[in-house]
Amino acid sequence: MKNEELQNEEAKEEETVKAEEASEEKESTGGEKPEETEAVEEPEMLKKKKKKDKMEEKIEELEDRVKRQMAEFDNFRKRTEKEKSHMYEVGARDVIEKILPVVDNFERGLASVPEDQKENPVIVGMDKIYSQLMTTLTDLGVEPIEAVGGEFDPNYHNAVMHVEDEELGENVVAEEFQKGYMYKDTVIRHSMVKVAN
């Protein structure tokens, strides 16, 4: 009888110990088995990671789009500035071409004045206007092409006559009939010249 009582008490103690261990495991794992917790945590972490990856991809895509748009805008700005400067130069050349005949007429008029009439107030006024006009053209970047005495260059000169002259070398400009002009390294009008052979 005592033996049975001892066995019953030992069995009760074992059950108590097992119950305490089970309750400790529940407290430490939040009431779930450790294997189940790990299985639940893993998918959540994967979901978060996937969300993070998608966000990073979207950020990279947006950054790339912004960079492309900035580059396109920069190219547009440069192209617009280039077009503006080109249009300005074309407009300036057009205006200068129209002014050059006026300059030619001033030069012809002043060249035809006899020496004794050069002090005439009208001639003096004409000379001052001509000087002012030439100064303005020079300030704009218009320069006359040097021709007489230099070597003939088809890029700058337009030969309308040839002359046999042994004093001058071959292919040398002997006379200038109409002055040529350049605007910022561009020929606006070629010099009309006579070339020695």
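Everything below is about the structure shown above.
Predicted model, so just to flag it, every value in this text is computed and none were measured. (Residues numbered from 1 in each chain as written. Predicted model: local features only at pLDDT ≥ 70, side-chain atom pairs only at ≥ 80, totals over all residues. Heavy atoms only, no water.)

S.K.: Would you explain the overall build of the protein in this entry?
M.R.: Regarding its fold elements, the protein presents 3 helices and 6 strands. Walking the protein from its N terminus toward its C terminus, one meets helices and strands in the order α-α-α-β-β-β-β-β-β. Taken across its 197 residues, the protein has 16% of its residues classed as buried. In the protein, once contacts between residues fewer than 6 apart in sequence are set aside, the share between residues at least 24 apart is 62%. With the model as given, the accessible surface of the protein reaches about 16,200 Å², and the carbon-plus-sulfur share is 52%. (Helix = DSSP H or I, 4+ residues; strand = E, 2+ residues; numbered from the N terminus. Buried < 20%, exposed > 50% of the residue type's maximum accessible area, 1.4 Å probe, protein only. Contact = heavy atoms within 4.5 Å. Areas by Shrake-Rupley, 256 points an atom, 1.4 Å probe, with all protein chains shown as cover.)

S.K.: How should the nonpolar core be read in this particular structure?
M.R.: A general tendency of soluble globular proteins is for nonpolar side chains to be buried together. Counting 15 residues, the largest nonpolar core has Ile96, Val103, Tyr130, Met134, Val142, Tyr181 and Tyr183 as its most contacted members. In this structure Val103 touches Tyr130, Leu133, Met134, Leu137 and Tyr181, once residues within four positions along its chain are discounted. If you look at the next biggest cluster of nonpolar residues, it comprises 5 residues, including Ala147, Phe152, Val173 and Val193. (Core = buried A, V, L, I, M, F, W, Y, C linked by side-chain atoms within 4.5 Å.)

S.K.: I'm lost on the packing of aromatic side chains in this one. Help?
M.R.: To describe a pair of aromatic rings, you give the distance between the ring centres and the angle between the ring planes. Considering all chains together, one arrives at 1 aromatic pair under this definition. Plain terms: the ring middles of Phe106 and Tyr130 are 6.3 Å apart, the flat faces sit at 40° to each other, and that makes the pair tilted. With a gap of 24 residues between them, Phe106 in helix 2 (residues 34-111) and Tyr130 in helix 3 (residues 121-140) connect regions that are remote in the sequence. Of the two residues examined, Phe106 and Tyr130, each falls in the buried class. (Phe/Tyr/Trp six-rings, centres within 6.5 Å; stacked < 30°, edge-to-face > 60°.)

S.K.: Explain the pattern of salt bridges to me, please; I cannot follow it from the model alone.
M.R.: Should the charged atoms of two oppositely charged side chains come close, the side chains can pair. Across all of its chains, the model carries 10 salt bridges by this definition. For the salt bridge of Arg65 with Glu61, the shortest nitrogen-to-oxygen distance reads 3.1 Å. Remark: Glu61 and Arg65 occur in helix 2; sequence separation between them is 4 residues, near one turn of the helix. Assessed through its relative accessible area of 43%, Arg65 is described here as partly exposed. Residue Glu107 is joined to Lys179 by a salt bridge in which the shortest nitrogen-to-oxygen separation is 3.4 Å. Within this pair, whereas Glu107 is found in helix 2, its partner Lys179 is found in the loop between strand 3 (172-178) and strand 4 (181-183), the two being separated by 72 residues in sequence. (Salt bridge = Lys/Arg side-chain N within 4 Å of Asp/Glu carboxyl O.)

S.K.: When you look at the sheet that holds strand 3 in this model, what are you seeing that I'm missing?
M.R.: Within a sheet, adjacent strands bond to each other through the backbone by hydrogen bonds, running parallel or antiparallel. Taken in spatial order, the 3 strands of this open sheet run 2-6-3, and their pairing is mixed. Of all strands in the sheet, those with a lone pairing partner are strand 2 (157-163) and strand 3, marking the two edges. Neighbour-to-neighbour, the strand axes of the sheet open up by a mean angle of 35°, direction not taken into account. (Pairing = 2+ DSSP bridges. Axes fitted to C-alpha atoms, helices over the stretch in contact; angles between N-to-C directions.)

S.K.: Looking at this structure, how should I read unusual backbone geometry?
M.R.: Glycine aside, negative phi is the norm for most residues, and most peptide bonds take the trans geometry. Residues other than glycine seldom take positive phi values, yet Lys184 does so here, at roughly 50°. The class for Lys184 is partly exposed, based on a relative accessible area of 44%. In the Ramachandran plot, Asp185 falls in the positive-phi region, its phi being about 65° despite a non-glycine side chain. Assignment of secondary structure puts Asp185 in the loop between strand 4 and strand 5 (186-189). The class for Asp185 is exposed, based on a relative accessible area of 75%.

S.K.: Would you explain helix 3 in this entry?
M.R.: A turn of α-helix holds 3.6 residues, and therefore any two residues three or four places apart point the same way. The end-to-end C-alpha separation of helix 3 is 29 Å, in line with the 28 Å expected for 20 residues at 1.5 Å each. Inspection of helix 3 places Ile123, Tyr130, Met134 and Leu137 among the buried residues, and these make up the whole buried set. Relative to the axis of helix 3, the buried residues are bounded by an arc of 60° and lie together on one face. Of the exposed residues in helix 3, the ones pointing more than 90 degrees away from its buried face are Pro121, Lys128, Gln132 and Asp139. Where helix 3 begins, one side-chain oxygen reaches toward the backbone nitrogen of Val122, 3.0 Å away; that side chain belongs to Asn120. Within two residues after helix 3, Gly141 carries a phi angle of roughly 105°, on the positive side. (Expected span 1.5 Å × (residues − 1). Arc of directions from axis to C-beta. Polar contact = N/O pair within 3.5 Å; in protein donor to acceptor, adjacent residues only side chain to side chain.)

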